2 protein chains.
Amino acid sequence: MASTNGPGALQDSALKEEIQSFFDSAPPLRNSSEISEKLKGFIKQHSACFENGRATSIVCVTSGGTTVPLEQRCVRYIDNFSSGHRGAASTEYFIKAGYAVIFLYRRGTCQPYCGSLPDDPFLECFEFTDDAHIRAREPHSEAVKRAIGDHRVAVEKGLLLKLPFTTIFEYLQMLQMIATSVGSLGPRVMFYLAAAVSDFYVPWKSMAEHKIQSGSGPLDMRLAQVPKMLAALRKEWAPSAFCISFKLETDTEILLEKADMALKMYGMHAVVANELLTRKEEVVVVTSDEKVRVNRDKADPSNDVEDPLVKLLVDKHRAHIADSS
Amino acid sequence: MASTNGPGALQDSALKEEIQSFFDSAPPLRNSSEISEKLKGFIKQHSACFENGRATSIVCVTSGGTTVPLEQRCVRYIDNFSSGHRGAASTEYFIKAGYAVIFLYRRGTCQPYCGSLPDDPFLECFEFTDDAHIRAREPHSEAVKRAIGDHRVAVEKGLLLKLPFTTIFEYLQMLQMIATSVGSLGPRVMFYLAAAVSDFYVPWKSMAEHKIQSGSGPLDMRLAQVPKMLAALRKEWAPSAFCISFKLETDTEILLEKADMALKMYGMHAVVANELLTRKEEVVVVTSDEKVRVNRDKADPSNDVEDPLVKLLVDKHRAHIADSS
């Protein structure tokens, strides 16, 4: 665990209390020792690794939306829309750039190397040959080879550690575990926080035990704000890491202003601002010095905006590592 | 459209208005003409089909949970937990019993013939051979053959029409389209309503256009009740069909009482009562005459409760067809 008394420690004691109370009241992570073992193995493998004379950099990519249960025996929950495409595609580019990736993803969302597959690829992409063997159906065979082959190689080489979550409670507990575990690797760790994280939640203890009944009349709900964990990540859990958060809005008017606020309030190294309707074409990387507009290269329809975005952030991360040494 | 003036017409004019206003305010179904064409083709194929001297029966199986968007440009939504396992497994048994199935399912949930696959089967079940061919990995090869082979056969023979939904608006509009389309087939149609349908929603017109901002303080939300569409399905959309609804509760104390209420209030032919924790082992089929407890046959771990459940309902449906002629 990172010390809470260091120079970077959280100054805001109200926030500290909120965070503590969030974690205290959260249902305990079911498989926490298994996750902890996997993390230990991954960090051990990469703590002494060198690529072209440089120590391997590690990035934790978060991806997909978190859920907020509305009942303890959960039937209903609030979800955040996110296909996980951004996180999955970015993971491929980070691996290509020599990073080892901890992919903290929502169960069921997009996986790295699977971007060009149809919906429901398992049922759509295969067929039986006359002699009862399986083969990939056209036009999917190239995409299938890439998905199954490249994905397997990345996992087997230990370059891709996949950790799934569903609820906001699981997500934040796992993010804290990861951040405090990689702390020893210092500035060569990046957090690329592309997950769509709930802003509001129902505290576990005030949650209905049973399914909410639909009697007569409307349902009134009061949701509490999720404490601003980015501040804790940046100041306490992994104070030397390079931290990138994302800001998604549907209203362009307030987008850059909100990104600027997040940059200052949480001490992020960069905030990637994106607008719901154009998020696959363009993002703006906001840092304390500048705002850089990053566009998809339209020369080929298969190009995506994550390619130049990850290149830019890898450069900024290298500068951060150089500055820190 | 079924006549609204027949003997079975909805008597409750307040409910009628609520239903009308729900549909009037819903965002229009994007691919409604495509769905309508598929339905027409399916009904045409089966309207004159005979199996063992009997006309083919048709069942509409609904499966998975509906979402309730909280914003028009949807970032957040309320979801209903449902893996879709019940609907997917039941579909297999209905096809085995000679039915043609309209499978109205939530995108991303369980598919028929895929029950014994691991999570994320696309990435888990295949590998490359040395000569760059794909093969199923053990221990999954039998499950893969069943999933891909049997599923394909059912779709290609026209015994399985798959229609996906996401929101409560899409689900209810599609259910209405299906019900009014199959009306001409009379009593040989069954509705097997296993989907987890939202009880509460935010009317489209009163919904925030943009993402709800997390300023300071908690978020208060008021949700309206979804009008009780089962009554409209039963009395107006498909008055001759055999209708089965499901009641899921987490509290056994109130389960049978609620199932009885649903039976009477909506005129269902049967209500399948199930409790969250034991729903894979046992259900109770509640009709006006009796309550029949249906248990999974524990002799083999691969047996499921859907097998005897579907058998029982197929028998009851045959009696309904005989009574109606």
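The structure this text deals with has already been given above.
What counts, and at which threshold
- Residues numbered from 1 in each chain as written.
- Chains lettered and ligands numbered in written order.
- Predicted model: local features only at pLDDT ≥ 70, side-chain atom pairs only at ≥ 80, totals over all residues.
- Helix = DSSP H or I, 4+ residues; strand = E, 2+ residues; numbered from the N terminus.
- Rg over C-alpha atoms; globule rule 2.2 N^0.38 Å.
- Buried ≥ 20, exposed ≤ 12 C-beta atoms within 10 Å, placed from the backbone.
- Least-squares fit on C-alpha atoms with pLDDT ≥ 70 in both.
- Contact = placed C-beta atoms within 7 Å.
- Pairing = 2+ DSSP bridges.
- Axes fitted to C-alpha atoms, helices over the stretch in contact; angles between N-to-C directions.
- Parallel < 35°, antiparallel > 145°, perpendicular 65-115°, else oblique.
- Left-handed = near helix turned anticlockwise from the far one by under 90°.
- Nonpolar A, V, L, I, M, F, W, Y, C, P; charged D, E, K, R; others polar.

**Here we look at the overall build of chain A**
At step 1: Tallying secondary structure elements over chain A gives nine helices and 16 strands in all.
At step 2: Scaling as 2.2 N^0.38, a compact globule of 325 residues should have a C-alpha radius of gyration of about 20 Å, and chain A matches this with 21 Å.
At step 3: Its C-alpha atoms put chain A at 65 × 60 × 45 Å along the principal axes.
At step 4: When burial is assessed residue by residue, chain A has 41% of its 325 residues classed as buried.

**Description of unusual backbone geometry**
At step 1: Here the amide bond leading from A:Glu138 into A:Pro139 is cis, since omega sits at 5°, within 30 degrees of zero.
At step 2: Along the chain, the position of A:Pro139 falls in the loop between β8 (134-136) and α5 (141-156).
At step 3: Of note in the backbone geometry, B:Tyr113 takes a positive phi value of approximately 75° without being a glycine.
At step 4: In this fold, B:Tyr113 is placed in the loop between β6 (100-106) and α4 (121-124).
At step 5: Residue classification places B:Tyr113 among the buried residues on the basis of 25 C-beta atoms within 10 Å.

**A few points about the relation of the copies chain B and chain A**
At step 1: The transform that puts chain B on chain A rotates by 180° and translates by 0.0 Å along the axis, for an RMSD of 0.0 Å. Put plainly, the chains are arranged around a two-fold axis. Taking C-alpha positions as reference, the residue of chain B nearest the rotation axis is B:Ile78, located at 2.1 Å.
At step 2: Interface overlap between copies is the fraction of interface residues in one copy that are interface residues in the other; for chain B against chain A it reaches 100%, indicating a shared surface.

**Brief notes about the pairing of strand β16 (residues 291-295) of chain A**
All names here are of chain A.
At step 1: Bridge analysis of strand β15 (residues 282-286) against β16 gives five bridges, and the strand direction is antiparallel. Note on β16: the bridge partner recorded for valine 284 is arginine 293.
At step 2: Connecting β15 to the next strand, β16, in antiparallel fashion are four residues.

**Topic: the packing of helix α2 (residues 32-47) of chain B against helix α6 (residues 168-182) of chain B**
All names here are of chain B.
At step 1: Contact pair α2 / α6: the axes reach a minimum separation of 11 Å and the direction vectors enclose 30°. By the angle between their directions, the pair α2 and α6 is classed as roughly parallel. When the axes of α2 and α6 are compared, the crossing they make is right-handed. Here Ile35, Ser36, Leu39 and Ile43 of α2 lie close against α6, whose contacting residues are Met174, Met177, Ile178, Ser181 and Val182.
At step 2: Residue composition of the contact of α2 with α6, grouped by class: seven nonpolar, two polar and no charged.

Function-wise, these values are silent; they only describe arrangement.
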